[in-house]
Amino acid sequence: MARTIPATLTRKTSMWLITCLVLTHSSALSVLAQDSTYPPLSKYMMAPEAEIALAQSAAPENVSAHATVKILTPAGYKIIAQGDNGFVCIVLRGWAAATSTKESDRNLVYYSKLRAPHCFDHVASRTVLPLRELQAKLGLEGKGPDQIAEAVQVAYAKDELPKMEAVAFAYMFSADSDLGPGIGAWHPHMMVYPPQYENSMLGGNEEGGALPFVSDAGTPFAVTVIPVDHKLAVKAR
């Protein structure tokens with residue numbers, strides 16, 4: 001039977017757990033950096049049925065049951081189920097980290113086990129999703145993180161990608177995601193995309209903690225991460 005961490009953990013214990021996760025994650029990323037070569041493409045792929053179930057676990061059923069679902073193929077993402085509520089559920093791979101402001105996180109492109117189910121709202125589906133699909137396409141072509149980041153900058157400069165000018169949202173509630181070595185599924189959480197937002201605007205909360213924080217702060221890709229109750233996590237079915 002799976003064990004759960006009590007909500008009454010002391011701040012000292014919570015900080016110890018976060019520190020352990022950070023150290024494990026950092027150590028694993030160092031290994032990835034030393035071996036900056038792509039694993040076989042097959043390692044990034046999933047059986048269609050499993051990928052559909054994992055994608056739909058990104059959001060509560062009342063959202064995901066009516067969402068469009070996309071799955072990864074050797075040619076990029078393709079629609080496997082058409083929805084009617086404006087949401088798009090998709091399982092991102094490590095290529096989404098190629099534009100991270102942290103150099104170490106960019107090495108997640110080589111972590112073939114990364115599975116990050118998102119369910120984008122109608123705004124994020126028009127703005128964030130095209131970026132993620134381009135990153136995946138470039139990764140499938142064998143481009144490294146620096147090449148992906150450069151190509152993304154060029155695409156924005158040529159207006160080939162829509163600008164992230166409005167706030168957008170995504171669910172990340174899956175209990176079965178793998179967000180990186182030593183991290184696993186982490187907390188179920190909401191992703192809010194406020195371009196150029198700074199973490200100081202939220203009070204400077206610690207990244208990876210239990211309070212909302214901003215990742216990739218001060219960039220067009222800024223994301224406010226809002227953890228929610230563990231009981232809201234969704235299992236893939």
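This write-up is about the structure you can find in this document. Here the structure is a predicted model, which is why all the values come from computation and not from measurement. (Residues numbered from 1 in each chain as written. Predicted model: local features only at pLDDT ≥ 70, side-chain atom pairs only at ≥ 80, totals over all residues. Heavy atoms only, no water.)

Looking at empty space enclosed by the protein
Considering all chains together, one arrives at 1 cavity of 30 Å³ or more under this definition. A volume near 30 Å³ is recorded for the largest cavity. (1 Å grid on protein atoms, 1.4 Å probe; cavity = no way out; pocket = protein on both sides within 12 Å on 5 of 7 lines; lining within 4 Å. Points joined across faces, edges and corners; volume = space filled by probe spheres on them.)

Quick look at the pattern of salt bridges
With the rule as written, the count across this model stands at 8 salt bridges. Of the charged contacts, one joins D159 and K163 as a salt bridge, the two residues approaching to 2.7 Å between their closest N and O atoms. You can call D159 exposed: its relative accessible area is 60%. A salt bridge links D176 to K235, with the nearest nitrogen and oxygen atoms 2.8 Å apart. Taken together, the residues span a long stretch of sequence, with D176 in the loop between β5 (168-172) and β6 (189-193) and K235 in the segment after β8 (223-227) at a distance of 59 residues. By sharing partners, the salt bridges in this structure join K137, E141 and K143 into a single network. (Salt bridge = Lys/Arg side-chain N within 4 Å of Asp/Glu carboxyl O. Buried < 20%, exposed > 50% of the residue type's maximum accessible area, 1.4 Å probe, protein only. Helix = DSSP H or I, 4+ residues; strand = E, 2+ residues; numbered from the N terminus.)

What about the state of the cysteines?
Each disulfide consists of one covalent bond between the sulfur atoms belonging to two cysteines. By the definition in use, this model includes 1 disulfide. Between the sulfur of C89 and that of C119 lies a disulfide, 2.2 Å long from S to S. Here the disulfide of C89 and C119 is left-handed, its torsion about the S-S bond being about -65 degrees. Separated by 30 residues along the polypeptide, C89 in strand β3 (residues 88-92) and C119 in strand β4 (residues 116-120) bring together distant segments of the chain. For the pair shown, C89 and C119 are each scored as buried. (Disulfide = S-S within 2.5 Å.)

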